[in-house]
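Coordinate inspection notes
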Amino acid sequence: MAKSGLAARLLLSGFSLAYLAAAWGSGFDRLSAESPTLERLVPGVFRAQADLSAGAVALARGDKQQALASGERAVRNDPLGPQATALLGIARSFADDPEDAEDAFRVSAQRGWRDRLTQIYWYDAAMQANDIERAALRADALLRANPNLEGAAKLLAPLEATPEGRLALARRLAEAPAWSQVYFHAGQAPDATRLENRAQVALAAVKQDNVLKCDRMGRFARELLLNGMRRDAENLWRASCGTTGAAPARGMLADGNFELLAKSTEQAPFGWRKFASGDLAVDLVEIAPNAHAVRARSTASVTRLILSQAVDVPPGHWRVRARGSVPAGRLVISLDCDGRARRPSRINGDAAAAGQVLEAEACERAVLGVWLRPGRDEVTLDEMTIEPAE
């Protein structure tokens, strides 16, 4: 079997030290886990943890011989301990002895699958053998034991990178394990490729015979929207929530008359986001029974974003019109492909008159932005439309 390159990278990225810090022991033995420099003071009968700590330090320093020696001593002092055997296996792998490393990890697996390094090793072995289902099982076991496992994103990336891996992950996540809540959370400034892959995993998961609920997957759909992934968000919402809540409006622009914006975002996840600050006020006003408009006032000296929404606009030229009490030249529209609305540098037409023409490229994370230029007069926006430009 080839040397376990992935296991080595994971080990050096912090898995081993976290694993060893959780190893059992007593007295100085436990203390040595927190202060590895004390390991030399531990009597031989209590050496198991100390040797694990010494081995971890040696691995982090790249000292293969010292790591191997510490692993061998750990096994002698704790021959039934899966952690000691796992340390020996990693040390043998680092020492370019893959066959003996595999033997050590087989013994470690027989003594309990809860050992983290053992799971990592066999996860990597499954990936190298292209046994995707078994790799997903090993990843699932690791994350069930610790849903907030440090380095989980790197661990799962090889599975997420292929259709087969995404489907294997979807089968595990369809059981709604505790780590699914962490997995289906984009967080701040997520990696775009990772988010796109996880959107595909989510869609595959809800198509299984599963126990995933709309509340969890609906939240993830909203996060996809916030990152400009409207098409994926729509597909996920329809698959997981059905008629629960407000269904996404089909078409390029949702909530053109702002009726859903007047409701809560929980009821209207596929509409507009409004932006306000100390020098910018953006409010919903009722202009007639069951009819609303957006009113915006700005004292800023620069053009400010007041509204945005993720859109699914085919490539081509499109005309956007803003109807209401809008002075000429006050509103400008942007269309961007990276999930964020950016102030437009080139403007073709006036949205409040004949319309502003936008050129759409093929992109997966398109966001339409509505911007307010500086001026004294407030703007009241009754309706937004988008149509092909002739």
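The model shown is predicted, which means the values in this text are computed figures rather than measured ones.

Rules and cut-offs
- Residues numbered from 1 in each chain as written.
- Predicted model: local features only at pLDDT ≥ 70, side-chain atom pairs only at ≥ 80, totals over all residues.
- Heavy atoms only, no water.
- Phe/Tyr/Trp six-rings, centres within 6.5 Å; stacked < 30°, edge-to-face > 60°.
- Helix = DSSP H or I, 4+ residues; strand = E, 2+ residues; numbered from the N terminus.
- Buried < 20%, exposed > 50% of the residue type's maximum accessible area, 1.4 Å probe, protein only.
- 1 Å grid on protein atoms, 1.4 Å probe; cavity = no way out; pocket = protein on both sides within 12 Å on 5 of 7 lines; lining within 4 Å.
- Points joined across faces, edges and corners; volume = space filled by probe spheres on them.
- Nonpolar A, V, L, I, M, F, W, Y, C, P; charged D, E, K, R; others polar.
- Salt bridge = Lys/Arg side-chain N within 4 Å of Asp/Glu carboxyl O.
- Pairing = 2+ DSSP bridges.
- Disulfide = S-S within 2.5 Å.
- Axes fitted to C-alpha atoms, helices over the stretch in contact; angles between N-to-C directions.
- Parallel < 35°, antiparallel > 145°, perpendicular 65-115°, else oblique.
- Contact = heavy atoms within 4.5 Å.

This structure, assessed with the given rule, holds four aromatic pairs. Judged by centre distance (5.8 Å) and plane angle (85 degrees), the ring pair of Trp179 and Tyr183 falls under edge-to-face. Pair noted here: Trp179 and Tyr183 are both in helix α11 (residues 179-183), with a separation of four residues, about one helical turn. Judged by relative accessible area, which is 3%, Tyr183 ranks as buried. Taking the centre distance of 5.3 Å and the plane angle of 50 degrees together, the rings of Phe184 and Phe220 count as tilted. Pair noted here: Phe184 is in the loop between α11 and α12 (192-206) and Phe220 is in helix α13 (residues 214-226), with a separation of 36 residues, a long-range link. For the pair Phe184 and Phe220, a shared accessibility class is recorded, and that class is buried. Through successive ring pairs, a cluster of aromatic residues spans Trp179, Tyr183, Phe184 and Phe220.

The volume enclosed by the second largest pocket comes to roughly 450 Å³. Breaking the lining of the second largest pocket down by element, the ones donating at least two residues are β6 (331-336) and β8 (355-360). Element by element, the count of residues in the lining of the second largest pocket is highest for β8, at five residues. Split into classes, the residues belonging to the lining of the second largest pocket amount to 11 nonpolar, four polar and six charged.

Inspection of every chain in the model, using the stated rule, returns 16 salt bridges. Between Asp131 and Arg134 there is a salt bridge, with its nearest N and O atoms 3.2 Å apart. A salt bridge links Arg304 to Asp279; the shortest N-O distance between them is 2.5 Å. You can see Arg304 sitting in strand β4 (residues 304-310) and its partner Asp279 sitting in the loop between β1 (273-274) and β2 (280-288), a full 25 residues away along the chain. Three or more residues joined by partner-sharing salt bridges are found here, namely Glu133, Asp140, Arg144, Arg171, Arg172 and Glu175.

What follows covers the sheet that holds strand β10 (residues 379-388). Ordered by their spatial adjacency, six strands build an open sheet running β2-β3-β10-β5-β8-β7, and the pairing between neighbours is antiparallel. A single partner strand is all that each edge strand has here, and the edge strands are β2 and β7 (349-350).

Moving on to the sheet that holds β4. On the basis of which strands lie adjacent, the open sheet formed by four strands has the order β1-β4-β9-β6 and antiparallel pairing. At either end of the open sheet lies a strand with only one pairing partner, and these are β1 and β6.

All right, on to the state of the cysteines then. Under the defined criterion, the tally for this structure stands at one disulfide. Here Cys337 is linked by a disulfide to Cys363, with a sulfur-sulfur distance of 2.3 Å. One quick way to see it: the torsion about the S-S bond of Cys337 and Cys363 is about -70 degrees, and its sign makes the bridge left-handed. Residue Cys337 is found in the loop between β6 and β7, and its partner Cys363 is found in the loop between β8 and β9 (367-372); the two are separated by 26 residues along the sequence.

Okay, the packing of helix α9 (residues 152-160) against helix α10 (residues 163-173) next. When two helices pack together, their arrangement is captured by the angle between the axes and the distance separating the axes. Where α9 contacts α10, the two axes come as close as 7 Å, and the packing angle between them is 120 degrees. Here α10 runs oblique to α9, going by the angle between their axes. Of the residues in α10, those touching α9 at Leu156, Leu159 and Glu160 are Gly165, Arg166 and Leu169. Considered class by class, the residues forming the contact of α9 with α10 number three nonpolar, one polar and two charged.

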